[in-house]
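One-letter residues, chain by chain:
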Amino acid sequence: MSGHLITLINGDGIGKEVIPAARRVLEALDLPLTFQDADAGFGTFERSGDALPLETIRLCEASDSILFGATQSPLSKVAGYRSPILRLRQHFDLFANLRPAVGNGVDLLIVRENTEGMYSGRERLEDGGATAILDRVITARASERIARAACEQAQRRRRKLTIVHKANVLKETCGLFRQTALMVTSAYPDLAVDELLVDTAALKLVQDARPFDVLVTTNLFGDILSDLAAGLTGGLGLAASANVGSGRIGVFEPVHGSAPDIAGQGTADPRAAILSAALLLDHLSYADQAARVRAVTYATPHTGSTAATTAGIIAALPTA
Ligand code: IPM
Ligand code: MN
């Protein structure tokens, strides 16, 4: 069969607005794409008792990739609830989270390790809540594959790679990440490689992010720095991401959350979801169409209306 099947997971809040907008853009491209909807999120959890029902996992497995909106994450523990995006990353072993930040003269890519670190899921309380015991798992295998993914990305870009860690304090875990990444990069003599402590990286990014090309880091640092980088380049409205592994299936999602405060008003900025759809097109080897969607989306301001911004993007898409 030719063509590709894409699973759309709206999720909660503005996910229900921005994913249909991204679908409209994909449909306007006249590619052999078909779509199916699947449920996940807090609403799904309240309805069915599972935030990521087995049916959704099966639909994802049977498709070529997934476009994911956003889900609402409760701030305190809710028995039985675990973030669907974390479960999808884990289920499909999507170890690389690629987060481009483009705008205001900045063009960088954060390559975030996506499977371990502070997101190991192994946390427990002791002493009546005064102490949290958290396993910050860092393995040589995961560090090696994320470093290699970052090197490959850098080779397609400006050939600069910064390894970001906190090995001065987290000597074992970040030490292993750092050593492994340095070892991997030594096999890429065409790359200019340097390293920064994560606090210094935050400072330098805020001072002047323009010299940065690719940054590779562990899970939580990548989560934080990718929001920071989004803030430098025009906000979360333009922040897209790809979760990819070594298999066929990737999950593509805007970096923003479900924004319950503005949900249902038709005002959400659809561009991060549309740029995530462009990353999906790249993944499916529709590179020309991805480039066209990207160029138009970066050039289109958000007018404050999801529908109008989406229509503006579609109208500006050059035909093939
Ligand atoms: C992100 C989000 C997620 C993360 C949350 C919703 C679990 O913040 O994709 O950046 O921390 O990875
Ligand atoms: Mn985040």
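Keep in mind that this is a model prediction, so the values were computed, not measured. (Residues numbered from 1 in each chain as written. Chains lettered and ligands numbered in written order. Predicted model: local features only at pLDDT ≥ 70, side-chain atom pairs only at ≥ 80, totals over all residues. Heavy atoms only, no water.)

What about the domain arrangement of the protein?
Rules: The domain boundaries here were taken from an automatic or database domain assignment. Contacts are assigned to residue pairs with any non-hydrogen atoms lying within 4.5 Å of each other. Defined here as a combined quantity, buried area equals the accessible surface (1.4 Å probe) lost by two parts on assembly, summed across both.
Once the domains are mapped, the protein shows domain 1 (1-94 + 241-320) and domain 2 (105-232). Placing a centre on the C-alpha atoms of domain 1 and another on those of domain 2 gives a separation of 25 Å. At the junction of the two partners, domain 1 supplies seven residues and domain 2 supplies eight residues. Summing both partners gives a buried area of about 580 Å² for domain 1 against domain 2, and 37% of it is carried by carbon and sulfur.

Comments concerning the environment of Thr200
Basically, it comes down to this: Put simply, DSSP marks the helices as runs of H or I at least four residues long and the strands as runs of E at least two long, and each gets a number from the N terminus on.
Residue placement: Thr200 occurs in helix H7 (residues 198-207). Along the chain, Thr200 and His165 lie 35 residues apart, while their C-alpha atoms are 9.8 Å from each other.

Considering H7
Heads up, the condition is: Accessible area is worked out with a 1.4 Å probe on protein chains only. A residue is then buried under 20% of its type maximum, exposed over 50%, and partly exposed in between. What the arc covers is the set of directions going from the helix axis to the C-beta atoms.
Listed in full, the buried residues belonging to H7 are Val198, Ala201 and Leu205. Along H7, the residues classed as buried sweep out an arc of 50 degrees about the axis, all on the same side. The exposed residues of H7 that point more than 90 degrees off its buried face are Val206 and Gln207. Buried residues along H7 sit in contact with strand S5 (106-113), strand S8 (160-165), strand S9 (192-197), strand S10 (214-217) and helix H8 (219-232).

Some words on the sheet that holds S8
For clarity, the cut-off: Any two strands between which DSSP finds at least two bridges are classified as paired. To get an axis, fit a line to the C-alpha atoms, keeping to the stretch in contact for a helix; angles then go from 0 to 180 degrees between the N-to-C directions.
The strand order across the open sheet built from 10 strands is S2-S1-S3-S12-S11-S4-S5-S10-S8-S9, with neighbouring strands paired in mixed fashion. Both edges of this open sheet fall to strand S2 (33-38) and S9, since each of them pairs with a single strand only. Here the average twist between neighbouring strands, direction ignored, is 20 degrees. Of the strand pairs in this sheet, strand S1 (residues 4-11) and S2 are connected by six bridges, and their pairing is parallel. Residue pairing across strands places Leu5 opposite Thr34, the latter belonging to S2. The sheet strands contacting helix H4 (residues 84-91) are S1, strand S3 (65-70), strand S4 (96-103), S5, strand S11 (240-244) and strand S12 (251-254), and the helix crosses S12 at an angle near 150 degrees. Across the sheet, H7 lies against S5, S8, S9 and S10, angled at about 105 degrees from S9, the strand it touches most.

A word on helix H1 (residues 15-27)
For clarity, the cut-off: A helix's residues, less one, multiplied by 1.5 Å, set its expected span.
A rise of 1.5 Å per residue sets the reference length of H1, with its 13 residues, at 18 Å; its end C-alpha atoms lie 18 Å apart and thus fit the reference within 8%. Residues Gly15, Glu17, Val18, Ile19, Ala21, Ala22, Val25 and Leu26 constitute the buried set of H1. Considering only its buried residues, H1 is in contact with S1, S2, S3, helix H9 (271-283), helix H10 (287-299) and helix H11 (306-316).

Digging into the pattern of salt bridges
Put simply, the test is: Here, a salt bridge means any side-chain nitrogen of Lys or Arg that lies within 4 Å of a carboxyl oxygen of Asp or Glu.
This model, assessed by the stated rule, comprises 21 salt bridges. Put simply, Asp223 and Arg112 hold a salt bridge, and the shortest N to O gap is 3.8 Å. In this pair, Asp223 sits in helix H8 while Arg112 sits in strand S5, placing the two residues 111 residues apart along the sequence. What emerges from the salt-bridge pattern is a single network uniting Asp107, Arg157, Arg158 and Asp213.

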